[in-house]
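Listed below, chain by chain, are the residues.
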Amino acid sequence: MTNRIPRNPLRNKENSQTQYDQFDAIELYCPICKRSMPVRKRLLLILPEGDKYEYLCARCGTSVGEKIDKNTADQNRLII
């Protein structure tokens, strides 16, 4: 009798692609504070290709990065 190791469902190709689909930054380097600092994510624009976010240093408010979230481009939006 052989000991069979169950397969890890996260190791198949489909799950590995969706597992790392989107990242959100927790800390980024701030040139004003001169070190890695926690960041806040702020919505800048709603574009046809996705939502554009800006990352701001939580201490001094300096813009330290941007991101376009492409997953929200396909969702229907209610504009009032």
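Residues numbered from 1 in each chain as written. Predicted model: local features only at pLDDT ≥ 70, side-chain atom pairs only at ≥ 80, totals over all residues. Heavy atoms only, no water.

**Structural notes on the pattern of salt bridges**
Move 1: In total, this model carries four salt bridges according to the counting rule given.
Move 2: A salt bridge links lysine 67 to aspartate 24, with the nearest nitrogen and oxygen atoms 2.7 Å apart. Residue lysine 67 is located in strand β4 (residues 63-69), and its partner aspartate 24 is located in the loop between α1 (13-19) and β1 (27-30); the two are separated by 43 residues in the primary sequence.
Move 3: We classify aspartate 24 as partly exposed; its relative accessible area is 48%. (Salt bridge = Lys/Arg side-chain N within 4 Å of Asp/Glu carboxyl O. Helix = DSSP H or I, 4+ residues; strand = E, 2+ residues; numbered from the N terminus. Buried < 20%, exposed > 50% of the residue type's maximum accessible area, 1.4 Å probe, protein only.)

**Description of unusual backbone geometry**
Move 1: Although it is not a glycine, lysine 34 adopts a positive phi angle of roughly 60 degrees.
Move 2: The class of lysine 34 is exposed, set by a relative accessible area of 62%.

**Details of the pairing of β4**
Move 1: Both strand β3 (residues 50-57) and β4 contribute to a ladder of six bridges, which runs antiparallel. Looking across to β4, one finds that lysine 52 is bridged to isoleucine 68.
Move 2: Linking two consecutive strands that pair antiparallel, namely β3 and β4, is a turn of five residues; a positive phi of about 85 degrees is found at glycine 61 within it. (Pairing = 2+ DSSP bridges.)

**A word on the sheet that holds β3**
Move 1: Taken in spatial order, the four strands of this open sheet run β1-β2-β3-β4, and their pairing is antiparallel. Two strands close off the open sheet at either side, each with one partner strand: β1 and β4. Pairs of neighbouring strands in the sheet enclose a mean axial angle of 40 degrees, with direction left out of account.
Move 2: Examined bridge by bridge, β1 and strand β2 (residues 35-47) share four bridges and lie antiparallel to one another. In the strand pairing of β2, glutamate 27 is matched with proline 38. (Axes fitted to C-alpha atoms, helices over the stretch in contact; angles between N-to-C directions.)

**Quick word on the confidence of the model for the chain**
Move 1: Considering every residue of the chain, the mean pLDDT works out to 80; 62% of them sit at 70 or more.
Move 2: Across the chain, the secondary-structure element scoring lowest on mean pLDDT is α1, at 58, and the one scoring highest is β1, at 96. (pLDDT = per-residue confidence, 0-100.)

**Quick word on the environment of cysteine 60**
Move 1: By secondary structure assignment, the location of cysteine 60 is in the loop between β3 and β4.
Move 2: Taking the C-alpha atoms as reference points, cysteine 60 and cysteine 33, 27 residues apart in sequence, are found 7.5 Å from one another.

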